[in-house]
Amino acid sequence: MKKRVFLSASALAVMALSSAAVLAQDNTFKIGLILPMTGQQASTGRQIEAAAKLYMAQNGDTVAGKKIQLIVKDDTSIPDVTKRMAQELVVNDKVNVLAGFGITPSALATAPIATQSKTPTVVMAAATSSITQASPYIVRTSFTLPQASVSMADWAASKGGMKKVVTLVSDYGPGIDAEKFFKDRFIFNGGTIVESLRVPMRNPDFAPFLQKVRDAKPDALFVFVPSGAGAAVMKQFLERGMDKAGIKLIGTGDITDDDQLNDMGDGALGVVTAHHYAAAHPSAMNKKFVEAFKKANKGMRPNFMAVGGYDGMRVIYEALKATKGQGGGDALLAAMKGQTFESPRGPMFIDAQTRDVVQNIYLRKVERQGGELHNVEFDVIKDVKDPGKSK
Ligand code: VNL
């Protein structure tokens, strides 16, 4: 008799425990953040993780009654690893949202998993135009290379007064986009592309390419390399005396990345780039963002990757609020589409049709400001949609 009572009491205890576990599960909202935390793209992972954590510190970790759990995974920017991690996060951890993706191949490798599992997937870094077309569950908060490259080509041909340009890009998705959209627009504007050079994405050696550029003697060299590689390009450009030979360096803002810019030296002064974010963007919101980011990260200056991560968290938080914590993948996705808000970069909008970001693109020149090198904005093209989507 006694034994039976004991058994049922423990059975009850087990039941209570498991329903507590179910409740805990129900009250948790999991974000699987896959980033390159080590390897060649580690600065991108470091910037985005720091920004996501800042957003959570500022906005709390409970939203619509759900406790937000951020699960950070290091994919070392190897796409097969990204894919395996996405699978594990969906199947084992049962994440509500996937996010991050430092490079295009990682985002593309994850697209089929996003589609099959109906998991909203927020691309915070990768920037090849076609990524949002790889899955209807992908939403992007970074930028697209065509946005920056077309704006750069318009400036180069008009106010820049450039007639002959050589392009030099990293040989994969975003580089191919940058080359194509810069070239088509620059030729449309009456310019000439003397040569189009592509460097390997992994462990690039720019020296032989820069020698070719020197020999071609264009008015300018247009460059795209991924975040983290800009300082190496700048160093070799200056070492070869390209600037003294009268060749201007221009590009997308990836080459004057705020993560590295201040260490590039005075040789970087005067370099003009087009991009969606500068740490020097003069808005009250951005000043607060930069200050808080530096304070939380030993003085590290946020770059465009950080802002993609910060805004990505905003899109996720607001979707969770709009669905009152009840939303499954489809409801969350619907609540991400069409969000309009002020970002540290300026106004931005998630186009409901394309799930891609619509934003201002700024022309910036490297100047010394407050004793540090900065991308100082001097012109703006407002509300730029991805030009890649109309093709
Ligand atoms: C990509 C585009 C990566 C721009 C970047 O840095 C970047 C990409 C890591 O789509 O792979 O600055």
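### Structural notes on the pairing of strand β10 (residues 248-252)
Within β10, four of the five residues are buried, which leaves the element mostly enclosed by the surrounding structure. The sheet contact formed by strand β9 (residues 220-224) and β10 spans four bridges and is parallel. Counterpart to Phe222 in the pairing with β10 is Ile250. Of the crossover connections in this fold, the one passing from β9 over helix α8 (residues 230-239) to the parallel β10 is right-handed. Sheet analysis places β10 next to strand β11 (residues 272-275), joined by three bridges and oriented parallel.

### Notes on the site of the ligand
Looking at the ligand, there are 16 residues lining it, with Thr104, Ala127, Tyr172, Ser227 and Asp254 nearest. In this structure, an oxygen atom belonging to the ligand sits 2.8 Å away from a main-chain N or O atom of Ala127. Within the backbone of Ser227, one N or O atom sits 2.9 Å away from an oxygen atom of the ligand.

### Some thoughts on the packing of helix α3 (residues 79-91) against helix α4 (residues 104-117)
Closest axis-to-axis distance for the α3/α4 pair is 8 Å, and the angle between their directions is 25°. Taken together, the axis directions place α3 and α4 in an arrangement best described as roughly parallel. Viewed along their axes, α3 and α4 form a crossing whose handedness is right-handed. Facing α3, whose interface residues are Pro79, Thr82, Lys83, Ala86, Gln87 and Val90, α4 presents Pro105, Ser106, Ala109, Thr110, Ile113 and Ser117. Each residue belonging to the contact of α3 with α4 can be placed in one class, and the counts come to six nonpolar, five polar and one charged.

### Side note on the nonpolar core
Counting 74 residues, the largest nonpolar core has Met152, Phe182, Ile250, Phe289, Met313 and Ile316 as the members making the most contacts within it. If you look at the next biggest cluster of nonpolar residues, it comprises 25 residues, including Leu168, Ala229, Val233 and Ala268.

### Looking at the environment of Gly100
Tracing the backbone shows Gly100 in strand β4 (residues 97-100). For the pair formed by Gly100 and Phe29, sequence separation is 71 residues and the distance between their alpha carbons is 16 Å. If we ignore the near neighbours within four places in the chain, the residues touching Gly100 are Leu33, Ile34, Leu35, Val122, Val123, Met124 and Ala125.

### Some words on helix α9 (residues 284-296)
Here α9 spans 19 Å end to end across 13 residues, near enough to the 18 Å set by a 1.5 Å rise per residue. Burial in α9 covers these residues: Asn286, Phe289, Val290 and Phe293. Seen from one end, α9 has its buried residues packed into an arc of 95°, which puts them on one side. Residues of α9 that are exposed and point more than 90 degrees away from the buried face comprise Ala284, Lys287, Lys288, Glu291 and Lys295. Lys298 lies just past α9 and shows a positive phi near 50°.

### Structural notes on the packing of helix α2 (residues 42-59) against α9
Helix-helix packing: each pair is described by the crossing angle between the helix axes and the interaxial distance. Direction vectors running N to C along α2 and α9 enclose 105°, while the axes themselves pass 10 Å from each other. Considered as vectors, α2 and α9 are oriented roughly perpendicular to each other. Contact with α2, carried on its side by Gln47, Ala50, Ala51, Leu54 and Gln58, involves Phe289, Ala292 and Phe293 of α9 and no other residues of that element. A per-class count over the contact of α2 with α9 returns six nonpolar, two polar and no charged.

### Let's talk about the side chain of Arg301
Relative to the assigned elements, Arg301 resides in the loop between α9 and α10 (304-322). Of the polar contacts made by the side chain of Arg301, one reaches the side chain of Asp258; its length is 2.8 Å. Of the polar contacts made by the side chain of Arg301, one reaches the side chain of Glu372; its length is 3.0 Å.

### Description of the pattern of salt bridges
Enumeration according to the criterion identifies 19 salt bridges in this entry. Glu49 is the partner of Lys53 in a salt bridge, and the nearest nitrogen-oxygen pair spans 2.9 Å. Of the two residues, Lys53 and Glu49 are both situated in helix α2; the distance of four residues between them amounts to about one turn of the helix. For Asp356, the salt bridge goes to Lys389, with nearest N and O atoms at 2.7 Å. Remark: Lys389 occurs in the segment after β15 (372-384) and Asp356 occurs in the loop between β13 (346-350) and β14 (357-369); sequence separation between them is 33 residues. One continuous salt-bridge network, built from bridges that share partners, spans Arg140, Asp356, Asp386 and Lys389.

### Details of the sheet that holds strand β6 (residues 138-140)
The strand order β2-β3-β1-β4-β5-β6 describes an open sheet built from six strands, whose pairing is mixed. With partners counted over all chains shown, the strands left at the sheet margins are β2 (62-63) and β6, one partner each. Relative to β6, strand β5 (residues 121-123) runs parallel, the two sharing three bridges. Opposite Val123, over in β6, you have Arg140 as the bridge partner.

Cut-off values and rules
- Residues numbered from 1 in each chain as written.
- Predicted model: local features only at pLDDT ≥ 70, side-chain atom pairs only at ≥ 80, totals over all residues.
- Heavy atoms only, no water.
- Buried < 20%, exposed > 50% of the residue type's maximum accessible area, 1.4 Å probe, protein only.
- Helix = DSSP H or I, 4+ residues; strand = E, 2+ residues; numbered from the N terminus.
- Pairing = 2+ DSSP bridges.
- Right-handed = clockwise from strand over helix to strand, strands pointing away.
- Near = heavy atom within 4 Å.
- Polar contact = N/O pair within 3.5 Å; in protein donor to acceptor, adjacent residues only side chain to side chain.
- Axes fitted to C-alpha atoms, helices over the stretch in contact; angles between N-to-C directions.
- Parallel < 35°, antiparallel > 145°, perpendicular 65-115°, else oblique.
- Left-handed = near helix turned anticlockwise from the far one by under 90°.
- Contact = heavy atoms within 4.5 Å.
- Nonpolar A, V, L, I, M, F, W, Y, C, P; charged D, E, K, R; others polar.
- Core = buried A, V, L, I, M, F, W, Y, C linked by side-chain atoms within 4.5 Å.
- Expected span 1.5 Å × (residues − 1).
- Arc of directions from axis to C-beta.
- Salt bridge = Lys/Arg side-chain N within 4 Å of Asp/Glu carboxyl O.

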